[in-house]
Structures are given as structure tokens and as C-alpha cells.
There are 2 protein chains.
Amino acid sequence: MLTVTSVNVNGLRAAAKKGFVPWLAATAADVVCLQEVRAEPGQLPGEVREPEGWHAVHAPAAAKGRAGVSILTRQKPEEVRIGFGSEEFDTSGRYVEADLPGVTIASLYLPSGEVGTQRQEEKLRFMGEFLIHLDKLRVQAGAAGREVLVCGDWNIAHHEADLKNWKANTRSAGFLPEERAWLSRVFDESGYTDVVRELHPDVTGPYSWWSYRGRAFDADTGWRIDYHVATRGLARRAVSAVVERAETHDLRWSDHAPVTVRYDYEEYGA
Amino acid sequence: MLTVTSVNVNGLRAAAKKGFVPWLAATAADVVCLQEVRAEPGQLPGEVREPEGWHAVHAPAAAKGRAGVSILTRQKPEEVRIGFGSEEFDTSGRYVEADLPGVTIASLYLPSGEVGTQRQEEKLRFMGEFLIHLDKLRVQAGAAGREVLVCGDWNIAHHEADLKNWKANTRSAGFLPEERAWLSRVFDESGYTDVVRELHPDVTGPYSWWSYRGRAFDADTGWRIDYHVATRGLARRAVSAVVERAETHDLRWSDHAPVTVRYDYEEYGA
DNA sequence: CTTATGAGG
DNA sequence: CCTCTTAAG
């Protein structure tokens, strides 16, 4: 069994001061993909920089305090790669890959975007370049007999069931028609599967992000923007998916919740 | 009786969220001089912008979130003046005067300074200009039969008894020989009195500021840098002085403590 | 260590 | 509303 969790920690230093450390100690996951670490490794306390029993690869952004993705694995990766061959984005702390036996697992933090600003254009540029990488990755991995899993905060809700108030958000970054169409290309044309939706086709949500503003969390005014995006062979082996929604405010150490999937994937061999 | 308190609040918005509001409601003071308000009046909650039962005059700095002095009085001042006629400092949120019957009370926030930086030069420029104002103020008030009280954070410890570790601080901003000599000029040549020291000549302290760093407060590693500086006629009428040191961490809403003096001054008539 | 700021989310 | 930043204290 291969259990993988993806979670945007919204600042790993802050999360570590709240409940991230005991959460990590208790998780059954074999691999944890982190987004928005927002720190250089040297700024992190040791218990999250190199947690006992884990191998860690960190891909911080060049800009201090921004973005940053990491992957924690219980067994040492065969290889790790930061970035996806993009001049603009490879130092932006948004993508890292780790090769494990038979499967490549990536942690992705796609730009959030903001309508009418440069940051939305940056998001669209990222999407354009990244789609090419996804295609290449699937083809190369397929040729080598490997599966691919891209976990992360994709910052796009795909369908109406993926956010609470879809009608009010048709012109909001994260639910724009062109963003949704791009995700459809990832899933329908590029040969990847939205694993959590595949396992739970007929529910709204499960949401993985709730704004800190207002009472969004208590009212479950959330978005499903954190995905496990897997090649078909791996997606077929997914046996369960849970969003680890904190049930009390005390346990909420991020505005996102961990998304955990169990894969019945014996090639991983752990 | 005229009771006056001076306190550096280290951000009035933050202090208001801790214990400042109940402290103000409970104080017996007739006049409260505030320093480091660090907000424009419009950013303050009403209960501290115009507290019930008080008249407030606010002198914020032009730079957002910096400095800022205010005076709260139970009776409406005859007149208020912001600044002391300095082109450089009148919009810096460091000085405001209020005329009450028979006495002019000012709230001063002298620059902190930092050795070897521009901010130390700024402090010295302020000191030079301000000494001239103090002389003029004493002369003019004297001619009009008024007393003067300049309360505030002067950011200088005068003598060895005015800070915990004087030997370690002889080259620290706030205890430099030239700063101490300047305070001596204020007290010995300019006709003003250090009211708290006059009432308590033989004690170390009482300190009014303790760094938030380390355990300075618990170890009483403090400085006496908040003063009541009064013309002789008023200083003679001072009957008691207390530094309202918070005894538990819960009650500590600033790194400074209020310095309260009671003046037996019937001319004030309240 | 703490309070502001401004960017980003 | 929250976590970073930098400046100031």
C-alpha cells in the first residue's frame, strides 16, 4: 500500500507552532507533499526540516517567504528534481518531483492568480508551460513503466460541485472558464485522473480549502483546489480518499486540509 | 489635586486588545499622556479614540504606524498645539501640548536612536531643537503665570540609578554621555525638575521600561526613561509618584509602565 | 520579543 | 483573517 497526503501548510513555521508536528507524527502516510512552506530550509525548525523517520526534499522560492514546496518520504527517493525546465518558474518554489520505486510523485503549488492583475497572467503562463511538462512526464514515465502522481494546490476548482458558491464565483480567479477548461485538458486529454473525484463522483466537495476570512470554515464555504492527479494506471489502484478536515479550531493549523489517498500499488514495495 | 499619568503604549491598537481599556476605566488620573500610539485616529477603536468621559487630542506621525502622541484630559483643554515649531519634527508624531487652567501639559516621544545610524543623528537633532523649545516654553509660561509639565518617553536614562546594568550600557543609545549631559542641561540649567527622582532620590529606578526580549521584565532589567519634567513651581507641589508596574504577564499591555504623579495644584481647580 | 507595515493569499 | 516581509523599537 502506498499512502500519499497533499497539504498546503500556509507557512510551515506557523503550522509547526500549531498542530503540524503531532499531525505528522500520527499520519500513516508514506509520502507527504507540502505546498506554501514559505521558508528556506535553514529557517525551519529541525523537526519539520528533517523530521525523524522521513527523508525531506525542499524547493524554496527565490523570493523570501513566498511559495515553496517540499516532499517528505519514508524511504529515500531514487532521484529528485526541482522545477520542470521553465526559466521563469524553476526558482519560484512551485514544483518538485521525487522518484520512488515505480512511481514519480510531485508536489505542485500553482499560482493563485487574481483577476485583472499581473498575477493572473503569471498563472496563465504557468498553466501553459506546465501542461507541456505534464504531457512529457506521462509519456516518459509510461515508456519507463512508471506511474505519475502530481499532488498539490492547483488553485482551480474544476466543476460546480468543487466549491460552495459557484454562481457567485464565475468571475473569480480559481473558477474562471479558461482555468476550468485547462483542468479539463489535464484530465480528459492529457491522460490524468482526478483521483478524489473518481472515488467520490456524486458528492459536493470534499472541499480542501476554506478562507480564513469571516466564518468560511464553520459554514463549510470551501473550495476543492487540492488534487491528486495521477496517471490512469495508478488512479485505478486508488482505494480510498479522505480530506482531513479539522473538526475544532484548535486543530486547524492551515487554511487547507490534508488530502490523503491510499493506493494499492505493490510496485512501491513498502 | 491634579493627577497625571504618562505611558508609552507601544501601539494603542494592540494595547486596546490587551488591558489598556480597563486600565483607563480604572485610573484616577485627570490627564493621561500617551506615546507610541502608532495609528491615525481613524484606525483606532472608538473606546480609545474618544473614550467616554475624556477629551482626546491625537498627534499621529505622517509615517503610518510610527510614533504618535496623544493627550487625554477629563476637562476640555483651553488650547492644544501639535509640534514645537520644527520643520523636521512637527509631523513626526512626537510632541503635543494642551493648556489646562494654570498649567501646560505636553506629551513627548523623543526618538529612540541607535548608535552608528541616521536615527541617532535624528535623535541628536531633535534634542538640540527641543531644548530651545523647552527654554522658550518655561519663559513664556512663567511670564503668563503658568506652570509646565512635559511628560513622556524621553528615551534617555539620566544617571546610573536609572537603569539596571549601567556599566554594560555606557555605549548604548539612551545612556550615552552626550545624552545624559543633555538631560542634565534640561534639569540643571533650563529650570525643570525630574519629578519622580525628586520624590524618590535614594532608590534605583523606579524603572518604567523593560525590553520584551529575553526575561527582562521578570528580572527587572529595566530603564527609567519615562519622565515627568516640570517647572519648579509645579514640581514642588508633587506629592506622590508611582510606576504602575504590571505584576502579572496578563496585565502587561505595553513594554512601558504608566508613571503617575499627583500634584497638589489648586489652580487646576478640578 | 513586539508592533507596526505591505504583499500575497 | 492569516503568514510572511522589513523597519523600528
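In the annotation of an unreviewed UniProt entry, chain A is listed under the name Exodeoxyribonuclease III and assigned to Actinacidiphila oryziradicis. Chain A has a UniProt comment under Sequence similarities (unreviewed entry) that states "Belongs to the DNA repair enzymes AP/ExoA family."

Attention shifts here to the packing of helix 4 (residues 118–143) of chain B against helix 5 (residues 177–189) of chain B. Residues and elements named next belong to chain B. Between helix 4 and helix 5, the shortest axis-to-axis distance is 11 Å and the interhelical angle comes to 10°. In terms of orientation, helix 4 and helix 5 fall into the roughly parallel class. In contact with Q120, K123, L124, M127, G128, F130, L131 and L134 of helix 4, helix 5 contributes E178, E179, W182, R185 and V186. A per-class count over the contact of helix 4 with helix 5 returns 7 nonpolar, 2 polar and 4 charged.

Moving on, we come to the sheet that holds strand 12 (residues 226–231) of chain B. Residue and element names in this part refer to chain B. With respect to topology, 6 strands assemble into an open sheet ordered 5-6-7-8-12-9, the strand pairing being mixed. Taken across any chain shown, the strands that pair with only one partner, and hence form the sheet edges, are strand 5 (79–82) and strand 9 (192–194). Between one strand and the next, the sheet's axes are offset by a mean angle of 20°, whatever the strand orientation. One ladder, built from 5 bridges, connects strand 8 (residues 147–153) with strand 12; its direction is antiparallel. Across the sheet, C151 pairs through a bridge with H228, a residue of strand 12.

Turning our attention to the UniProt feature "site: Interaction with DNA substrate" (unreviewed entry) in chain A. Residue and element names in this part refer to chain A. If you check UniProt for "site: Interaction with DNA substrate" (unreviewed entry), the listed places come out as H256 in our numbering. Assignment of secondary structure puts H256 in the loop between strand 13 (238–243) and strand 14 (259–263). Leave out the neighbours within four places in its chain, and H256 touches V7, N8, D153, S208, W209, W210, I225 and D226. Within the structure, H256 has its side chain in polar contact with the side chain of N8 (distance 3.4 Å).

Residues and elements named next belong to chain A. Here the structure, examined in full by the defined rule, presents 36 salt bridges over all chains. A salt bridge links K123 to E179, with the shortest nitrogen-to-oxygen separation between them at 3.0 Å. Taken together, the residues K123 in helix 4 (residues 118–143) and E179 in helix 5 (residues 177–189) connect sequence positions 56 residues apart. Overall, E179 belongs to the buried group, its relative accessible area being 0%.

This part takes up the protein's contact with DNA strand D. Within the structure, DNA strand D sits among 19 residues, and A14(A), K18(A), R38(A), R119(B) and R213(B) are positioned closest to it. Each atom of DNA strand D within 4 Å of the protein belongs either to a base or to sugar and phosphate, the latter forming 78%. The separation between a sugar or linking oxygen of DNA strand D and a polar main-chain atom of Y212(A) is 3.2 Å. Within the side chain of R94(B), a nitrogen or oxygen atom sits 3.4 Å from a phosphate oxygen of DNA strand D.

Each value, and the rule that gives it
Residues numbered from 1 in each chain as written. Chains lettered and ligands numbered in written order. Predicted model: local features only at pLDDT ≥ 70, side-chain atom pairs only at ≥ 80, totals over all residues. Heavy atoms only, no water. UniProt positions renumbered as here; feature names shortened; annotations may be inferred. Axes fitted to C-alpha atoms, helices over the stretch in contact; angles between N-to-C directions. Helix = DSSP H or I, 4+ residues; strand = E, 2+ residues; numbered from the N terminus. Parallel < 35°, antiparallel > 145°, perpendicular 65-115°, else oblique. Contact = heavy atoms within 4.5 Å. Nonpolar A, V, L, I, M, F, W, Y, C, P; charged D, E, K, R; others polar. Pairing = 2+ DSSP bridges. Polar contact = N/O pair within 3.5 Å; in protein donor to acceptor, adjacent residues only side chain to side chain. Salt bridge = Lys/Arg side-chain N within 4 Å of Asp/Glu carboxyl O. Buried < 20%, exposed > 50% of the residue type's maximum accessible area, 1.4 Å probe, protein only. Near = heavy atom within 4 Å.

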